[in-house]
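Spelled out, the chains give:
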Amino acid sequence: MAGQVRAVTPQAHRRQAWAARAALVAALAALSLPLVEGGLGGLMLLIAGFAGLAVTVAALWWTLSRRGAVRMAAATLALLTPVVVVTLFAQANLLWVVVLSGLLWSAAVWSGRYALRTTGLRSTRAKEYRTPPPRRPFLLLNPRSGGGKVERFALREKAERLGARVVLLDAEERQDVVALARAAVADGADLLGVGGGDGTQALVAAVAAEHGLPFLVIAAGTRNHFAMDLGLDRDDPAACLDALTDGVELRVDLCFAGDRPFVNNVSFGVYGAVVQSPGYRDDKVGTALHLLPELLTRQRGPRLTARIGRSTVTDPQAVLISNNPYRMDDPFGFGRRARLDSGRLGVVAVKVDSAVDAAELFLDPRGLGTTTSHEVVIDADVAEVEAGIDGEAVLLPTPVRCRVERRALRVRVPRGRPGIPDPPPRLDWRRLRKLAAAVGRTAVPVRSRADRERTSPRP
C-alpha cells in the first residue's frame, strides 16, 4: 500500500535500530536454542514436529473430504498426532525449549515490526470530504438483523429524531429493497441508508451510487464486515447515525458480479454451493460436513475456470473475489481490508487435489493463488453457477464478469469513529539487518526531490 514519509527524530531512530537488533537476536536465539540444548536429538525432534504438523493437516483434509470409517479414522489421527509430538518433546525434557523458542520468535516478530513501523512510513489514510448534512435522509432498517439490534439500540427512534424517514422491513414478507430505495429517490431523498446485513447494504448502495447520492451504513447486522472496514463502531450501531448531523464522506469502491453489486466479496465453488443448502442457516457446520466430501473431490458441483487478468486458473475448488484485497499476512488482522478505494479486486483461488497438496499449502501459504486484478471472469460447464454474494445465496448466469467501479460510492460516516488500525509492516529481515547496522540516519527512507517540492512550504 502506498505510504507517506514523516520525519523521524534521532531518538526514534535509535529506538528503531535497537528494536531491529533485538529482533535479530531473538530470532537467532529461537532458531538455535533447540539445537544447542538438544543437539542432534533436538534436531530430530524438530523434524518430527514439522512432520507431525504435516500429518495433522493431511488428516484434516481426509476428515473433510471423506465419509464413514475413513473420516472417523482421519479425525482420530488429526487429534492424536499433536498429542504424540508433545509427548515426545516432554519425554526428552525439551518441551520447555519449544515453549521458550516460541516466545522468543514472538518477541522477534514484535520487535521487528516495531522497528519497521517507525521507519518514517505511515499508511495512506482515506481522504475525507466535508459535505452539508442531508435534508431528506431515507433509511431501511431490518429488525431481524443482528439478533434484533434495531430494537435493542432504538435505531428507528433516534433516526426519526434526526429527521430521517425510516421504513422497517417486514419480517414476514420478502421485500424488494432496490424498489424501495428507487421510490425514495423519486420522492426526493438525498441520502440512502441501511441498517441490516451486508447483502442488503450492497443492493441499496448500488442505487445510491447510480444516483450520485451519499450512502449511510448502520452496523445493525450480525458481522458487518463492510462497517468494520469503514472504521465504524460495530458495538454501538446508534453511533453510526451521528453521521446524519456530524459526518464526512469517503469515496469507496463498489463491485459487481454480473449485474449484482457487492461491498465485501463473492464466492464461487465450495462456499457458493454450501450456502445454497436450505439447512445452512440453521446448521452451518453440519451442512458443510455433509456436502464437502463431494465438493472437494469434484464429484458434485460445476467445473470452474477463473480468468484473472491475463492468467487462468483451471478447475479450482473455490474462488473468493473481494472488493479490495484482504490482509493475508497478519493473523490478528486476517480478513480485514486496509483500504476500500484501490480500484482492485482481491482474488484467492484454492486448488487442492490431495492431502499432500493440503499439507504443502499449510506449510507454505504462498502456494495459495492470491492476487489482485481489475477484472475477473468466472466460467463453468453449466449455464448458471452457484455463488455467495456478501453472505447471500444467488445463482448467476455464466460467464460471470466481476468488476470494480473505483470510488463510485459516497459513504457518509461519523466524524468521530474508531477508524481502521494501521496494518503491521511485512517482516523484511534484510532491511532489519540494515537497520540494526545503521549508526546514523541512513536507514530512514529518503524522500524524492518531487516529494520534497510537493511538501515544502511555498513562498
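Calculation rules
Position numbers for residues count from 1 along each chain, tracking the sequence in the order it is written. For a predicted model such as this one, the threshold for reporting local features is a pLDDT of at least 70, and the threshold for listing and counting side-chain atom pairs is 80 or more; totals across whole chains, interfaces and linings nevertheless cover every residue. Values reported for side chains reflect all heavy atoms of the structure, with hydrogen atoms and water molecules removed beforehand. Helix and strand assignments follow DSSP, with helices taken as H or I runs no shorter than four residues and strands as E runs no shorter than two, numbered in order from the N terminus. Throughout this description, buried means an accessible area under 20% of the type-specific maximum (1.4 Å probe, protein chains only), exposed means over 50%, and partly exposed covers the range between. Whether two residues are in contact is decided by their heavy atoms, any of which lying within 4.5 Å being enough. Using the Shrake-Rupley algorithm and a 1.4 Å probe, accessible areas are obtained, with residue cover drawn only from the displayed protein chains. For two strands to be treated as a pair, DSSP must find no fewer than two bridges joining them. All axes here are fitted lines through C-alpha atoms, helices being fitted over the stretch that makes contact, and every angle between N-to-C directions spans 0 to 180 degrees. Note that the term roughly parallel is reserved for angles under 35 degrees, roughly antiparallel for angles over 145, roughly perpendicular for angles of 65 to 115, and oblique for everything else. It is the rotation of the near helix from the far one that decides the hand of a crossing: anticlockwise by less than a right angle makes it left-handed, clockwise makes it right-handed. Following the grouping adopted for this structure description, the nonpolar residues are Ala, Val, Leu, Ile, Met, Phe, Trp, Tyr, Cys and Pro, the charged ones are Asp, Glu, Lys and Arg, and the polar ones are all others, Gly among them. Residues with no salt bridge and a relative accessible area higher than 30% make up the patches, which join like charges within 9 Å and nonpolar side chains (Val, Leu, Ile, Met, Phe, Trp, Tyr) within 5 Å. The salt bridge definition used is simple: a Lys or Arg side-chain nitrogen within 4 Å of an Asp or Glu carboxyl oxygen. Computed over the protein atoms alone on a 1 Å grid, cavities are sets of points where a 1.4 Å probe fits but cannot get out and pockets are open sets with protein on both sides within 12 Å along at least five of seven lines; a residue lines them when it has an atom within 4 Å of a point. Grid points are joined across faces, edges and corners, and a volume is the space filled by probe spheres set on the points. Two N or O atoms count as a polar contact when they lie within 3.5 Å, although within protein this holds only if one can serve as hydrogen donor and the other as acceptor, and sequence-adjacent residues are included solely when both atoms are side-chain atoms.

## A closer look at the overall build of the chain
Move 1: What the chain contains, in helices and strands, is 13 helices and 18 strands.
Move 2: For the chain, the residues scored as buried account for 43% of the 459 residues in total.
Move 3: If you take every contact in the chain between residues at least 6 apart in sequence, the share linking residues at least 24 apart comes to 74%.
Move 4: When the accessible surface of the chain is split by element, carbon and sulfur atoms take 57% of a total near 24000 Å².

## Thoughts on the pairing of strand 7 (residues 247–257)
Move 1: The buried count for strand 7 comes to 10 of 11 residues, which makes it a mostly enclosed element.
Move 2: Two strands pair when backbone bridges link them, and strand 7 and strand 8 (residues 260–262) are joined in this way by three bridges, in the antiparallel orientation. Within strand 8, the residue paired with A257 across the bridge is R260.
Move 3: Counted along the chain from strand 7 to the antiparallel partner strand 8, the turn is two residues long, and its residue G258 has a positive phi close to 70°.

## Quick notes on the pairing of strand 3 (residues 137–141)
Move 1: Extensive coverage of strand 3 is indicated by the burial of five of its five residues.
Move 2: The two faces of strand 3 match: P137, L139 and L141 on one face and F138 and L140 on the other face are all buried.
Move 3: Bridge analysis of strand 3 against strand 5 (residues 191–195) gives five bridges, and the strand direction is parallel. The partner of L141 across the bridge, within strand 5, is G195.
Move 4: Direction of pairing for strand 3 relative to strand 4 (residues 165–168): parallel, over a ladder of four bridges.

## As for the packing of helix 1 (residues 10–65) against helix 3 (residues 95–117)
Move 1: The N-to-C vectors of helix 1 and helix 3 enclose an angle of 160°; their axes lie 8 Å apart at closest approach. Considering their axes alone, helix 1 and helix 3 lie roughly antiparallel with respect to each other. Crossing hand, helix 1 versus helix 3: left-handed.
Move 2: In the contact of helix 1 with helix 3, the residues fall into 19 nonpolar, four polar and two charged.

## Things to note about a nonpolar patch on the surface
Move 1: Together, V86, L95, W96, V98, V99, L100 and L103 make up a nonpolar patch on the protein surface, roughly 590 Å² of accessible area in all.
Move 2: Here the nonpolar patch gets six residues from one element, more than from any other, and that element is helix 3.
Move 3: Note that L95 resides in helix 3.
Move 4: Taking the relative accessible area as the measure of exposure, L95 reaches 35% and is therefore partly exposed.

## Quick word on the packing of helix 1 against helix 2 (residues 68–91)
Move 1: Relative orientation of the contacting elements helix 1 and helix 2 amounts to 165°, with a least axis distance of 8 Å. Here helix 1 lies roughly antiparallel to helix 2, going by the angle between them. Crossing angle aside, the handedness with which helix 1 passes helix 2 is left-handed. Counted together, L45, L46, A48, G49, G52, V55, T56, A59, L60, W62, T63 and L64 of helix 1 and R71, A74, A75, L77, A78, T81, P82, V85, L88 and F89 of helix 2 form the full contact between these two elements.

## Here we look at the pattern of salt bridges
Move 1: Summed over all chains, the structure comprises 18 salt bridges.
Move 2: Close ionic contact of R165 with D187 constitutes a salt bridge, the shortest N to O distance being 3.8 Å. Here R165 is found in strand 4, whereas its partner D187 is found in the loop between helix 6 (177–186) and strand 5, with 22 residues between them in sequence.
Move 3: A residue is classified by how much of its surface remains accessible, and D187, at 43% relative accessible area, is partly exposed.
Move 4: One salt bridge in this structure joins D341 and R339, with 2.8 Å as the shortest N-O distance.
Move 5: Owing to a relative accessible area of 11%, D341 belongs among the buried residues under this scheme.

## Remarks on empty space enclosed by the protein
Move 1: Within the structure shown, the criterion is met by two cavities of 30 Å³ or more.
Move 2: The wall of the largest cavity is formed by 14 residues, among which G269, R300, G301, P302 and Q317 lie closest to the centre.
Move 3: Residue assignment for the lining of the largest cavity shows that the elements contributing at least two residues are helix 9 (270–274) and strand 16 (384–389).
Move 4: The residue inventory of the lining of the largest cavity, partitioned by class, reads seven nonpolar, three polar and four charged.
Move 5: Considering only enclosed or pocket space, the second largest cavity measures out at about 40 Å³ in volume.
Move 6: Lining the second largest cavity are P34, G42, L45, L46, F89, L94, V97 and V98.
Move 7: Broken down by secondary-structure element, the contributors of at least two residues to the lining of the second largest cavity are helix 1 and helix 3.

## Notes on the environment of D341
Move 1: Examined against the element boundaries, D341 turns out to sit in the loop between strand 12 (318–323) and strand 13 (345–350).
Move 2: A sequence separation of 214 residues divides D341 from K127, and the C-alpha atoms of the two residues are 9.9 Å apart.
Move 3: For D341, the residues in contact, after removing those within four places along its chain, are R251, D253, N324, R406 and R407.
Move 4: Within the structure, the side chain of D341 is placed 2.8 Å from the side chain of R339, a separation counted as a polar contact.

## Overview of the environment of P82
Move 1: Within the secondary structure, P82 sits in helix 2.
Move 2: On the accessibility criterion, P82 (36% relative accessible area) is partly exposed.
Move 3: As for P82 and G52, which are separated by 30 residues in sequence, their C-alpha atoms are 6.6 Å apart.

Keep in mind that these numbers describe shape and distance, not what the molecule does.
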